[in-house]
Amino acid sequence: MSRKYLIAGNWKMNLTPDDSAALVEEINAVVGTQTSVQVCVCPPFTSLPVVSDKVEQTEVHLGAQNMHAEPSGAYTGEISAEMLRSLYVSHVILGHSERRQYCGETNASINQKILAAIQANLKPIYCVGETLGEREAGKTMEIVSTQVREGLEGYPSSALDLLVIAYEPVWAIGTGKTATDEMAQEVHAGIRQVLTEMFGEADASSIRILYGGSMKPENAAGLLAQPDVDGGLIGGASLSAKPFCDIVEAAIAAE
Ligand code: PGA
């Protein structure tokens, strides 16, 4: 089963609309017309309109970093799936470890968001990953399996073409510490095994599993060469065009 690489940039709480417009223009100029790998940028909500305009005529996809599970209502400060769709957003990062850590998100609450996202035809990029303590206690696969199973509870097989998983070891996010190629492959293969148990082998083999956590041009090729690593979710290195586009180039070379 061939899975097209997806390289997604998670800009987190960075960049004004003007800064975002400048960055996406630079990205467009280098990788905006190629189609061998999928590229997605995930700016903060306030930059979605301007980035949406800038990517409209390109092959670059637009993602959000979060959304609310309810379609509308008295949820001050929140954004619905339909609001994202109205800006031509196609992807949404859900369950990022920073939201689990700082905003109290749980597998159960993220599950509600994932189901709401697919209802609106948004592609969830569902983040899972263990903390350093969990890894040191030998619990990595137990934690990650539970996140996959509980986060995808009730997920219909008919919508699996929308699903993207991102394995992001919490200890590797923004720390400069990357999982080795072998560590990443081991967990990615474990995730695919859980997906196989849930959805069957044919469907599981078509789901993309991205690696995230201090991915940069220097380590991208090795990670992307692993059989179950289908792309990257890039934080720090996505905030400038050069390293982000270099990672996209590494994915093109690995195709
Ligand atoms: P990082 O972030 O590349 O800066 O480690 C990745 C992420 O949090 O998605």
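Residues numbered from 1 in each chain as written. Predicted model: local features only at pLDDT ≥ 70, side-chain atom pairs only at ≥ 80, totals over all residues. Heavy atoms only, no water.

Participant: Explain the overall build of the chain here, please?
Facilitator: Scanning the chain from N- to C-terminus turns up eleven helices and eight strands. Its C-alpha atoms give the chain a radius of gyration of 17 Å, near enough to 18 Å, the size a compact globule of 255 residues would have. Within the chain, contacts between residues separated by at least 24 positions form 72% of all contacts whose residues are at least 6 apart in sequence. Taking the average place of the 17 positive charges on the side chains of the chain and the average place of its 32 negative ones, the gap between the two points comes to 1 Å. (Helix = DSSP H or I, 4+ residues; strand = E, 2+ residues; numbered from the N terminus. Rg over C-alpha atoms; globule rule 2.2 N^0.38 Å. Contact = heavy atoms within 4.5 Å. Lys, Arg positive; Asp, Glu negative; His and termini not counted. Charge placed at Lys NZ, Arg CZ, Asp CG, Glu CD.)

Participant: I keep staring at the packing of aromatic side chains and nothing clicks. Help me out?
Facilitator: Each aromatic ring pair is specified by the distance between its two centres and by the angle formed by the two planes. For the structure on display, the rule yields two aromatic pairs. Aromatic pair Tyr155 and Phe199: ring centres 6.3 Å apart, planes at 75°, arrangement edge-to-face. Highlighted residues: Tyr155 in the loop between α7 (140–151) and β6 (164–167) and Phe199 in helix α8 (residues 181–199), separated in sequence by 44 residues. Since its relative accessible area comes to 13%, Phe199 is described here as buried. (Phe/Tyr/Trp six-rings, centres within 6.5 Å; stacked < 30°, edge-to-face > 60°. Buried < 20%, exposed > 50% of the residue type's maximum accessible area, 1.4 Å probe, protein only.)

Participant: Whenever I open this one, the pattern of salt bridges confuses me. Can you help?
Facilitator: Where side chains of opposite charge bring their charged atoms close, a pairing between them can arise. Using the criterion set out here, one finds eleven salt bridges in the structure. As a salt-bridge pair, Arg99 and Glu105 come within 2.6 Å of each other at their nearest N and O atoms. Note that Arg192 is salt-bridged to Asp230, the shortest N-O span being 2.8 Å. On the criterion of sequence distance, the pair formed by Arg192 in helix α8 and Asp230 in the loop between α10 (217–224) and β8 (231–234) is long-range, its members being 38 residues apart. (Salt bridge = Lys/Arg side-chain N within 4 Å of Asp/Glu carboxyl O.)

Participant: Please explain the pairing of strand β1 (residues 6–10) as it appears in this structure.
Facilitator: The two faces of a sheet get side chains in turn, since along a regular strand they alternate between them. Along β1, five of the five residues are buried, which leaves the element largely enclosed by surrounding structure. The alternating pattern of β1 places Leu6, Ala8 and Asn10 on one face and Ile7 and Gly9 on the opposite face, and all of these are buried. By the bridge criterion, five bridges tie β1 to strand β2 (residues 38–42) in an arrangement that is parallel. Paired with Ile7 across the two strands is Val39, which belongs to β2. Traced from β1 through helix α1 (residues 17–31) to β2, the parallel crossover comes out right-handed. Sheet analysis places β1 next to β8, joined by four bridges and oriented parallel. What sits directly across from Leu6, in β8, is Gly231. (Pairing = 2+ DSSP bridges. Right-handed = clockwise from strand over helix to strand, strands pointing away.)

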